[in-house]
Amino acid sequence: MSDGPDRPAGQSRRGAAADRLRAFVSVSDARLLLVFAVALYGLFTLVSVVLGYNFNGIVDTLRRITFLSAIYAVLVLALNVQWGYAGLFNIGVAGFMAIGVYTMGMLSSPTTNTFPGLGLPLPIGILGGVLAATVLGLLAALPALRLRGDYLAIVTLAMAEIVRRTYRSPVFQEFSLGSVQLGTGGSRGMNLPENPIRTLFYQNPTEVGSPPNALGNVLFDTAAAIGIQPSVVEGWVYALGLVIVVGGVYWLLQRVGHSPFGRVLKAIREDEVVARALGKDTRAFKIKAFALGCALMGLAGILWRLSGGYVSTTMFQPIYTFYVFVALIIGGAGSTTGSVIGGAVFASLLFEGPNFVRRIVTGYVDVGAAPNTLFDAVAALGSLDVTPLVAYSLSDVNVSALRLVLLGVVLIYLIQNRPEGLLGHRKEVASPIDLTDRDAREGDS
Amino acid sequence: MTEQESGWRLIGAGGTRPLVLILAVVALALLTHLGWLLYAGDLGTASLAGYLWEGTILGMSYGLAGVGLAMTYSILSFANFAHGDLVTSGALSGWIAAFFVAGTGDFSIRALVHLGGPYSLNTNTLGLSVTNTPLAIVVGLIVAAALTALLAVAIDRLVFRPMRDQSGISLLIASVGVALALRYLLVFALQAGPRGLTAGQQTPSMTVPIGAGSLTIGAHEITLVVVAGLLMLATHVVLRYTKLGTAMRAMADNEDLARVTGIPTERVVLTTWLLGGALTGAAGFLIALERGTLSMSLGWDLLLLIFAAVILGGIGSVYGAIVGGVVIGISSRLSLVWLPESLVVVAAFLVMITVLLVRPSGIMGGVRTA
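Residues numbered from 1 in each chain as written. Chains lettered and ligands numbered in written order. Predicted model: local features only at pLDDT ≥ 70, side-chain atom pairs only at ≥ 80, totals over all residues.

Some details on the overall build of chain B
Right, so step 1: Across its full length, chain B carries 15 helices and 4 strands.
Right, so step 2: Its C-alpha atoms give chain B a radius of gyration of 21 Å, within 12% of the compact-globule value 21 Å for 370 residues.
Right, so step 3: Counting only C-alpha atoms, chain B reaches 65 × 65 × 35 Å along its principal axes.
Right, so step 4: Looking at chain B residue by residue over its 370 residues, the buried ones come to 53%.
Right, so step 5: Of the contacts made within chain B by residues no fewer than 6 positions apart, 79% connect residues no fewer than 24 positions apart. (Helix = DSSP H or I, 4+ residues; strand = E, 2+ residues; numbered from the N terminus. Rg over C-alpha atoms; globule rule 2.2 N^0.38 Å. Buried ≥ 20, exposed ≤ 12 C-beta atoms within 10 Å, placed from the backbone. Contact = placed C-beta atoms within 7 Å.)

Topic: the overall build of chain A
Right, so step 1: Scanning chain A from N- to C-terminus turns up 18 helices and 4 strands.
Right, so step 2: Seen along its three principal axes, the alpha-carbon backbone of chain A occupies a region of about 80 × 65 × 55 Å.
Right, so step 3: Going through the 445 residues of chain A one by one, you find that 43% of them count as buried.
Right, so step 4: If you take every contact in chain A between residues at least 6 apart in sequence, the share linking residues at least 24 apart comes to 69%.

Details of the interface of chain B and chain A
Right, so step 1: Facing the 41 residues of chain B at the interface are 39 residues of chain A.
Right, so step 2: Of all elements in the fold, only helix H5 (109–113), helix H8 (168–190), helix H13 (298–313) and helix H15 (344–358) of chain B reach the threshold of two or more residues within the side of chain B that touches chain A.
Right, so step 3: The greatest single-element share of the side of chain B that touches chain A, amounting to 16 residues, is contributed by H8 of chain B.
Right, so step 4: Here the side of chain B that touches chain A is composed, by residue class, of 34 nonpolar, 6 polar and 1 charged. (Nonpolar A, V, L, I, M, F, W, Y, C, P; charged D, E, K, R; others polar.)

So, the confidence of the model for chain A
As a general rule, the predicted coordinates of low-pLDDT regions are not to be interpreted in detail.
All names here are of chain A.
Right, so step 1: Chain-level statistics for chain A give a pLDDT mean of 85 and a share of 92% at 70 or above.
Right, so step 2: Element-level mean pLDDT values for chain A span from 49 in helix H18 (residues 438–443) up to 94 in helix H4 (residues 93–108).
Right, so step 3: Residue range residues 1–7 is modelled with pLDDT below 50. Its contacts to residues more than four positions away, or to other chains, number 6 contacts.
Right, so step 4: Predicted confidence for residues 440–445 stays below pLDDT 50, and this span has 6 contacts to residues more than four positions away or in other chains. (pLDDT = per-residue confidence, 0-100.)

Observations concerning the nonpolar core
Right, so step 1: Within the largest apolar cluster, 238 residues are counted, with the highest numbers of intra-cluster contacts made by Ile71, Val74, Leu75, Ala300 and Val324 of chain A together with Ala308 and Met352 of chain B.
Right, so step 2: Discounting chain neighbours no more than four positions away, the residues touching Ile71 of chain A are Leu242, Ala300, Leu303 and Trp304 of chain A. (Core = buried A, V, L, I, M, F, W, Y, C linked by C-beta atoms within 7 Å.)

A look at the packing of H13 of chain B against helix H14 (residues 318–334) of chain B
All names here are of chain B.
Right, so step 1: It is the contact of H13 with H14, at a shortest axis distance of 7 Å, that shows an interaxial angle of 120°. Considering the angle they form, H13 stands oblique to H14. Note on packing geometry: the crossing formed by H13 with H14 is right-handed. Across the interface between the two elements, Leu305, Ala308, Ala309, Val310, Ile311, Leu312 and Gly313 of H13 pack against Gly320, Ala321, Val323, Gly324, Gly325, Val327 and Ile328 of H14. (Axes fitted to C-alpha atoms, helices over the stretch in contact; angles between N-to-C directions. Parallel < 35°, antiparallel > 145°, perpendicular 65-115°, else oblique. Left-handed = near helix turned anticlockwise from the far one by under 90°.)

Concerning unusual backbone geometry
Residue and element names in this part refer to chain B.
Right, so step 1: Its identity is not glycine, yet Leu115 carries a phi of approximately 50°, on the positive side.
Right, so step 2: As for its position among the elements, Leu115 is in the loop between H5 and helix H6 (123–126).
Right, so step 3: A positive phi angle, close to 70°, is found at Gln191, a residue other than glycine.
Right, so step 4: For Gln191, the position within the fold is in the loop between H8 and strand E1 (195–196).
Right, so step 5: The partly exposed category is assigned to Gln191, around which 19 C-beta atoms lie within 10 Å.

A word on the environment of Lys266 of chain A
Residue and element names in this part refer to chain A.
Right, so step 1: Among the structural elements, Lys266 can be located in helix H10 (residues 260–270).
Right, so step 2: Taking the number of C-beta atoms within 10 Å as the measure of exposure, Lys266 has 20 and is therefore buried.
Right, so step 3: For the pair Lys266 and Tyr413, spaced 147 residues apart in sequence, the C-alpha to C-alpha distance is 26 Å.

So, the pairing of strand E2 (residues 205–210) of chain B
Residues and elements named next belong to chain B.
Right, so step 1: Within E2, only 0 of the 6 residues are buried, which leaves the element largely exposed.
Right, so step 2: Sheet analysis places E2 next to strand E3 (residues 213–218), joined by 6 bridges and oriented antiparallel. Within E3, the position partnered with Ile210 by the bridge is Gly213.
Right, so step 3: Taking the residues between adjacent antiparallel strands as the criterion, E2 and E3 are bridged by 2 residues, where Gly211 takes a positive phi near 55°. (Pairing = 2+ DSSP bridges.)

Some details on the packing of helix H2 (residues 29–50) of chain A against helix H3 (residues 55–85) of chain A
In a pair of packed helices, the angle between the axes and the distance between the axes together describe the arrangement.
Residue and element names in this part refer to chain A.
Right, so step 1: Taken N-terminus to C-terminus, the directions of H2 and H3 make an angle of 140°; their axes are 9 Å apart at the nearest point. In terms of orientation, H2 and H3 fall into the oblique class. Both H2 and H3 take part in a crossing whose hand is right-handed. Between H2 and H3, the residues in contact are Leu40, Tyr41, Phe44, Thr45, Ser48 and Val49 and Gly57, Ile58, Thr61, Leu62 and Ile65, respectively.
Right, so step 2: Looking at side-chain class alone, the contact of H2 with H3 contains 7 nonpolar, 4 polar and no charged residues.

Observations concerning H2 of chain A
All names here are of chain A.
Right, so step 1: Given a rise of 1.5 Å per residue, 22 residues ought to cover 32 Å, and the 31 Å separating the end C-alpha atoms of H2 matches this to within 8%.
Right, so step 2: Taken as a whole, H2 has its buried residues at Leu32, Leu40, Phe44 and Ser48. Taken down its axis, H2 places every buried residue within 130° of arc, on the same side. Away from its buried face by more than 90 degrees, H2 exposes Val38, Ala39, Gly42, Leu46 and Val49.
Right, so step 3: Just downstream of H2 lies Gly52, where phi reads positive at about 75°. (Expected span 1.5 Å × (residues − 1). Arc of directions from axis to C-beta.)

Some words on the confidence of the model for chain B
Residue and element names in this part refer to chain B.
Right, so step 1: Summary statistics for chain B give a mean pLDDT of 85 and a share of 93% for residues scoring 70 or more.
Right, so step 2: Within chain B, the element-level pLDDT minimum falls on helix H1 (residues 3–9), averaging 39, and the maximum on helix H7 (residues 134–160), averaging 95.
Right, so step 3: Long-range and interchain partners of residues 1–15, a stretch whose pLDDT sits below 50, account for 22 contacts in this model, where long-range means more than four residues apart.
Right, so step 4: Confidence drops under pLDDT 50 across residues 366–370; counting only partners more than four residues distant or on other chains, this segment forms 23 contacts.
Right, so step 5: For this predicted complex, the interface confidence comes out at an ipTM of 0.86, alongside a pTM of 0.88.

Written out as structure tokens, the structure reads:
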């Protein structure tokens, strides 16, 4: 990350600062995460200021970054259990999210919705969704035990598509089990239960124009005094809830990773035959790891979509699985801390970044109207005019396309050049005590 | 269907036999039910013939598109997720060429390059069809094959060649990256949104009376089935009777041994990409011809079905890909007897997963031809 040893003498001051930062960070992962979070918030505050946002806008930008980073962090942590620890290659993440969200929706959505649910309390719905994802994970683990890595990849992708297409099918748009009406909404999607944050702050959470309750009044008034709107406050509370969830999952997985269970998983990843020769029932360990990962994916999906109150099958296209994979590879498979950082780097820089770049460039440079097509933009190059090409590349649709091109290129680059992730070699060792010196370990990467 | 067959072959395979037996019973029950429906007159022979014919068309497209995938799978031992987008690239390049052959002079260059797209271009005025403009179709097919072959080689040089010594999973991840970059570069360059290609009404078709109804067979459907069949036959000849084919089969079997024996493995890899890419491009062009429309996600949407075909036939087996494609195609159309349209693909994927579980070597298992 920092300058190499042969940096020019003129930069020694900066180099020394970088060394101090590195020394500070290498003491513990908590410090690393702290420095990273400060850097990320600093960057996006700067970007918001450059874009001329008011205070409310800046706070809202940071909220969005926090929200997406936290969601991806949970997803990457979940995938890390399967791939980073147990070496199981699951590219059906989107499917496990989908079954979690839809099960939650069908259990807890009000019976009065267009596509009704059972109207059970939300915690039961969330629990049910996580359980459904776990059960599907157990089913998927069946092939996981028998198949080579690349076959498993195809099976999990197919499984995710089966889930998505089933929810999308008009057959289940509205159906009844006995006398109970249920529905997935098919291609129209379904409304989910009310955002739980609203129940904290409003007297009648289900009504749009409901007056806030006592707690809501205090919080919204305080926020209004410094120029923050109620919707941003709600969003921040939700995002902070997610950060707590990330913390909980992180703690859980750290414990798991350092427990005998986690050590066996890492042993399986390194050499399954040896693990089996040592008398470990590797099949049982793999099933448990797979199911644990799937449960967390279901949870992440639920927390993600609950905030918007609506779900449709387009939210579970296979591309979402690849997003999580890119994030995992950025952070370095096999590292819990790396997973959190990878999730945040992906969500904030790779996923949101290009749009901010677009806004900054179009805000400060007048590139004129975008030509209709790349053909016209390139034709203008003949008269040495670059602006049409820039304008075309910066149009809304094309930034989205280029962002995915960038994603593909980053994926290829990382897997070719830095398969161990951006942070260097951080794979946690299988032994209970790290026998290698941390600095030496980082030095060889 | 095919499950009973594998039931006999799997004797001695231990724990999988009960599952195979169950599958055989299910398949037999479905066939019996089909026979009963036909006998009772609930299913007309014409609609059955329709399912079979549509299934054959689908099967030939999956099969032809799968041959290239099976080739690279067997030689380089990784699942190439960028294969679908090679199909799309082939279709796009071929159709742009066909548009130029048929429409130069009548339409602006920018409209032809974009296959219409944001510019107005009446496909009926352009009048592309196999009978109206055979030259444009042939040129398009050749361009599709040639450009996709070159593209496949270029991708190999850039991405896969530096990774020859890495695991199949690393290559798979890299291929996902290639798929994303390729598809969205195409979207960036030519813009998303489906394009009409052929002049629908001007395409001749014939109607064959069957039973109480009739079956309509279009010229483009015949073109797809015949050309795909010929290309598969050509692939068979190359693999079976040329030195290159022997080298490829040797390499698929054991790469180190092949190299020790003096087979120039890198050159075989290059030829595999050229050959596989050409077949893939041709497949993309033909599929778009038969459908009459083309979207940027054509190949990606087909990818899992192509995988299903290749897996069903046994990964790495070219003949298997052909057989697997036809089986998937026909059974997915035939399943309309029992299933609503929206769940047909779900059923196809379930069959694929089951085959992977019960018989990972595929129904043609053991016959690794390339």
